[in-house]
Amino acid sequence: MKMEQNTPRQNRTKEHFKLAFIDLIKENGYHSVTVKDIVNRAAYNRSTFYIHYLDKMELAEDLLISLLQGLEDAAGEPYAPGQKVYTTKLNPPAFNIIAYIYKHRNFFELINYEDTLPGLHLKFPRTILKIYQEKFDFETLNHVPVNMDYFKRYTAYGFYGLIQNWISSGFKETQEEFIHEVIDLSKTHIYSVKYIGE
């Protein structure tokens, strides 16, 4: 991927390509989409596309990396390093990660498709796990001693399952309703969460 600093105009152009690509994947499946389709949908020419990307695979990689990095960043935004929050005091802003997914739902809906962005079905849940492993420490309810690696995996993949269900339902619950459900579930097994940051 080209590593130069992008201007605001270049970022807008890349964003147009990404949005066109997402729509085309939903309509036709990833493997059927061509660079020609992308540039036609985005209303640019091929030479503009090739200034930014070598091919469709590089665009796919940029799309996946940028949105999943944004997900990681969003998880820590409400917290100061070392901040500890008791689950009885959790509130919707603590789940900024859910707000991020909803804001970028056009992208995250791609998990509903079989012929979708390569790596999405694996890297999305792995990103949730990475967040749990690297950014947070947990205390169990009643301080029950457990293997914390297993606990983080269990909790991260459970959370991912809830997110996947919410997305596949077409975001049936509002963002606020979904966050409250997650908070209520968290209270059943987590006593506190500490943000350990970067």
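Structural data are supplied above this passage.
Sequence order as written defines the numbering, with residues in each chain counted from 1. Only residues with pLDDT of 70 or above have their local features reported here, since the model is predicted, and side-chain atom pairs are shown and tallied only from 80 upward, although totals for entire chains, interfaces and linings are computed over all residues. Just so you know, side-chain values use all the structure's heavy atoms and leave hydrogens and water out.

Trainee: Go over the packing of aromatic side chains with me, naming the residues and quoting the values.
Mentor: Stacked, tilted and edge-to-face pairs are distinguished by plane angle, under 30 degrees for stacked and over 60 for edge-to-face with tilted covering the rest, among Phe, Tyr and Trp rings (Trp via its six-membered ring) whose centres lie within 6.5 Å. Inspection of the entire model under this criterion finds 22 aromatic pairs. When the centroid spacing of 5.4 Å and the interplanar angle of 80° are considered together, the rings of tyrosine 79 and phenylalanine 136 count as edge-to-face. Here tyrosine 79, found in the loop between helix 4 (56-76) and strand 1 (84-86), pairs with phenylalanine 136, found in strand 2 (residues 136-140); they are 57 residues apart in sequence, far enough to count as distant. Three labels apply to residues, based on accessible area from a 1.4 Å probe with only protein chains included: buried if under 20% of the type maximum, exposed if over 50%, partly exposed otherwise in between. Take tyrosine 79: its relative accessible area is 12%, and that puts it in the buried class. Of the residues examined, phenylalanine 136 reaches a relative accessible area of 7% and is grouped as buried. In textbook terms, an aromatic cluster arises when at least three aromatic residues are bridged by ring pairs, as seen for Tyr79, Phe95, Tyr132, Phe136, Phe138, Phe151, Phe159 and Tyr195. Sitting above the plane of the tyrosine 102 ring, arginine 105 keeps its charged end 4.1 Å from the centroid. Helix and strand assignments come from DSSP, with helices taken as H or I runs of at least 4 residues and strands as E runs of at least 2, each series counted from the N terminus. Two conditions define a charge sitting above a ring: the NZ of Lys or the CZ of Arg must be within 6 Å of the ring centre, and it must be within 35 degrees of the ring normal.

Trainee: Break down the pattern of salt bridges for me, citing the residues and quoting the values.
Mentor: Put simply, a salt bridge is a Lys or Arg side-chain nitrogen that is within 4 Å of an Asp or Glu carboxyl oxygen. Tallied over the full model, the rule gives eight salt bridges. Between lysine 152 and aspartate 137 there is a salt bridge whose closest N-O contact spans 3.5 Å. In this pair, lysine 152 is assigned in helix 8 (residues 148-168) and aspartate 137 in strand 2, connecting sequence segments 15 residues apart. For lysine 152, a relative accessible area of 9% translates into the label buried. According to the relative accessible area criterion, aspartate 137 is partly exposed, its value standing at 35%. In this structure, a network of salt bridges that share partners links the residues Lys14, Lys18 and Asp62.

Trainee: Give a detailed account of the pairing of strand 2, specifying residues and quantitative values.
Mentor: Side chains Phe136, Phe138 and Thr140 of strand 2 all project onto a buried face; the interleaved residues Asp137 and Glu139 project onto a face where none is buried. One requirement defines pairing of two strands: DSSP has to find at least two bridges between them. In the sheet, strand 2 pairs with strand 3 (residues 190-195) via five bridges, with the strands oriented antiparallel. Directly across from aspartate 137, in strand 3, lies its bridge partner lysine 194.

Trainee: I'd like to hear about the sheet that holds strand 3, residue by residue, with values.
Mentor: Read from one edge of the open sheet, three strands run 1-3-2, paired in antiparallel fashion. For this open sheet the edge positions go to strand 1 and strand 2, each flanked by a neighbour on one side alone. Ignoring which end each strand starts from, the neighbouring axes of this sheet average 20° apart. In terms of strand pairing, strand 1 meets strand 3 through three bridges, oriented antiparallel. In the strand pairing of strand 3, lysine 84 is matched with lysine 194. Orientation is described by lines fitted to C-alpha atoms, with helices fitted over the stretch in contact, and by angles between N-to-C directions that extend from 0 to 180 degrees.

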